[in-house]
Amino acid sequence: MLVANPAHAADEINIDHVESADGKVSVLLAVDELPGGATPDLDGLSVTVDGNAVDAKAKTVEAGEIERTTVLALDTSKSMRGAPIEDAKAAAKAFLDAAPADVKIGLLTFSGSVQSTIEPTTDHAALAAAIDGIELTLGTRVYDAVVEAVGLAGSDGARSVLLLSDGKDQGGGAPIADAVSAATDNDVVVDVVSLDQRPANQALLAKISDASGGAVIDAKPAALEGVFTAQADALSNQVLVTFDAPKQSSEEVNLAVELTSGGVSYDDSALVAIAVADEGPRTVTYDAPKFGKGVMLLGALGFGIGLAILLAVVMMGSKGQSEAQRRVAAYLGEAKPTSKGKRSGEPSPGSLKDSAVALTENLVKGDFEDRLNMKLAGAAVKMTAAEWLLTHAGIAVVTAFAGLIMSGGAAMVVFGLFGAVLPWLYLKRRHKKRLAAFDGQLAETLTLMAGGLSAGLSMPQAIDSVVREGNEPVSGELRRALVEQRLGIQIEEALDSVAERMESEDFAWVVMAIRIQREVGGNLAELLSTVANTLREREYLRRQVQVLSAEGRMSGYVLGGLPIGLFLYMLLVRPDTARVLYTEPAGMGLSAAALVMLGLGYWMIAKIVKIEV
């Protein structure tokens, strides 16, 4: 079962939870924010996955259809004495009364430490009795409470924490980073009810709620019962949307849901992970065997294909922990010994893939490894430098073997060279294409960020809005920058890494502008809008140049590839004719001269059509 990060936006409907199992996808949709408490038209539901419409059904949630868990975390510090704690108890009981019977509710109280916990249960009456027995003590450890509450929520279904506090964390316990990572790593939404707190204290709590997809609700003691009842009503008004899992899916898909109410359409979307439907067993058929020399050739060719399949199976096997993960685990003291003294994550002696990768890692080090890893990350190739080089070597060997089987030693050399060059060309083209898409989306991305900043969002929050609403590759690269920022790296340095990884001069200028603004001050939203307009004009000019130079580039491709393609064709159909070019002295001289002139001509055409903008 795959559980997606919940998406919460300031819209009328929200995708609260997504999970998929047994070929079915279930989406929990909150509709409590519809104007005037309107009832949605479930028959008018529309669901798309990556822009493709799917046949979906919607209905109100019934008991047992999807597991829902909420943990109430109540501040029981001395500052809550008197009316605040009494109002808090009444509000918690009101939540228990209004929540659907199938929702598991847990209880946690905290002050200088976590005082007591009650496992999530559907016995709401038992929780009400425990609330009456709450006592106040000294201290406030909000972040400890968040970490404990997230663990108490479990790991299945839609999970949330509703935290009530009237003061900031007094320190001495878990840092705020632990609370944020606990909520985000476990996909638990944390909503915070701030009881008469200063804006600075609310901003600290907002770091937790915003990261997890929740919200901070500012409330007075007398209004607590209404706030908690509204949270319970939101659970009662959730809609369950179901549809068949797609046959194919990427790591993350864009799930969009739209429904109508009172003739008005409302929609929400989120990047989620969805399991691919099981397509069932496949039938493989084989041609009838042949005899004589053909049998030998087919057998040799089958042997080469078998080597390729073996390499693919080895490279796509279970990776286990990466080297970086093993180092972090050792630093944190989490590496556990396994059989024969091995630590978890280390390659076993019998693992062919791990042994080959480990050997390659010993040979690939230093600046070359760093540059290759940067190129792979920029091209969105999920391999390490060692894995890429090992795959590259396997392709070269297999293509050379195929050439040997088809036409002998000369073809083996030619095919081997192509097998060595083509992966690099593929990587370069993929990286260039992704960079072009990145630069093409940059202007609109800056406009969206500027709008977020004008609306009062911080820089990380504005970037997060782009991550949730944008498209690849910008959303993926900025998501990585946000992760680095949450791990303690300055946001400018994280954005610099994006510019370096994508080799984007335009984005490097954007980061430079942000740095200058941070140092000298000014209106960052206006600055980003100005930069966006500049980049938009540059992109327009760049595309004009691409169109005007397209004929020259195509001429270079045709003139450069035609002689090589013709030689390969002759090598396959008339090997005796082509053999003169690499066996006779005159033929070898002509071939060498032809290659030099061909390379020179292609270089000249490339220089002519390459125009820097």
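Since we're looking at a predicted model, the values are computed, not measured. (Residues numbered from 1 in each chain as written. Predicted model: local features only at pLDDT ≥ 70, side-chain atom pairs only at ≥ 80, totals over all residues. Heavy atoms only, no water.)

Details of the overall build of the protein
1) Next: On a plain count of helices and strands, the protein comes out with 20 helices and 15 strands.
2) Next: Burial status across the protein gives 38% buried among its 613 residues.
3) Next: For the protein, restricting intrachain contacts to residue pairs at least 6 apart in sequence, the fraction spanning at least 24 positions comes to 69%.
4) Next: Here the protein has roughly 33300 Å² of accessible surface; of this, 58% comes from carbon and sulfur atoms. (Helix = DSSP H or I, 4+ residues; strand = E, 2+ residues; numbered from the N terminus. Buried < 20%, exposed > 50% of the residue type's maximum accessible area, 1.4 Å probe, protein only. Contact = heavy atoms within 4.5 Å. Areas by Shrake-Rupley, 256 points an atom, 1.4 Å probe, with all protein chains shown as cover.)

Some words on the environment of Ala153
1) Next: For Ala153, the location among the structural elements is in the loop between helix 3 (142–152) and strand 10 (158–165).
2) Next: The buried category is assigned to Ala153, whose relative accessible area is 5%.
3) Next: Considering only alpha carbons, one finds Ala153 and Thr69, 84 residues apart in sequence, at a separation of 6.3 Å.
4) Next: Other than its neighbours up to four places away in sequence, Ala153 contacts Thr69, Val71 and Arg159.

Observations regarding the side chain of Thr109
1) Next: For Thr109, the location among the structural elements is in strand 8 (residues 104–110).
2) Next: A polar contact of 3.0 Å, which involves the side chain of Thr109, links it to the side chain of Ser116.
3) Next: With sequence-adjacent residues up to four places away left out, Thr109 is seen in contact with Leu74, Thr76, Val114, Gln115, Ser116 and Ile134. (Polar contact = N/O pair within 3.5 Å; in protein donor to acceptor, adjacent residues only side chain to side chain.)

Describing the pairing of strand 7 (residues 68–75)
1) Next: Burial of strand 7 is extensive: eight of the eight residues sit out of reach of the surface.
2) Next: Covered by surrounding structure in strand 7 are Arg68, Thr70, Leu72 and Leu74 together with Thr69, Val71, Ala73 and Asp75, the residues of both alternating faces.
3) Next: Both strand 7 and strand 10 contribute to a ladder of seven bridges, which runs parallel. Among the inter-strand pairings, Ala73 is bridged to a residue of strand 10, identified as Leu163.
4) Next: Direction of pairing for strand 7 relative to strand 8: parallel, over a ladder of seven bridges. By the bridge assignment, Thr69 is partnered in strand 8 with Lys104.
5) Next: The handedness of the strand 7 to strand 8 crossover, carried by helix 1 (residues 83–98), is right-handed. (Pairing = 2+ DSSP bridges. Right-handed = clockwise from strand over helix to strand, strands pointing away.)

Structural notes on unusual backbone geometry
1) Next: At Asp50, a residue that is not glycine, the phi angle is positive and equals roughly 55°.
2) Next: With respect to the helices and strands, Asp50 occurs in the loop between strand 4 (41–49) and strand 5 (52–54).
3) Next: For Asp50, a relative accessible area of 42% corresponds to the partly exposed category.
4) Next: Here the phi dihedral of Asp187 falls at roughly 55°; this positive angle occurs in a residue that is not glycine.
5) Next: The topology assignment puts Asp187 in the loop between helix 4 (176–185) and strand 11 (189–195).

Overview of the sheet that holds strand 12 (residues 216–219)
1) Next: Taken together, six strands build an open sheet; the order of strands is 9-8-7-10-11-12 and the sheet is mixed. Each edge of the open sheet is held by one strand with a lone partner, namely strand 9 (114–121) and strand 12. Across the sheet, the mean angle from the axis of one strand to that of its neighbour is 15°, orientation sign disregarded.
2) Next: The pairing of strand 11 with strand 12 spans four bridges and is classified as parallel. The residue bridging Ser194 from the neighbouring strand is Asp218, located in strand 12.
3) Next: Lying on the sheet, helix 2 (residues 124–132) is in contact with strand 8 and strand 9; it crosses strand 8 at an angle near 15°.
4) Next: Packed on one face of the sheet, helix 3 meets strand 7, strand 8, strand 9, strand 10 and strand 11 and runs near 25° to strand 9. (Axes fitted to C-alpha atoms, helices over the stretch in contact; angles between N-to-C directions.)

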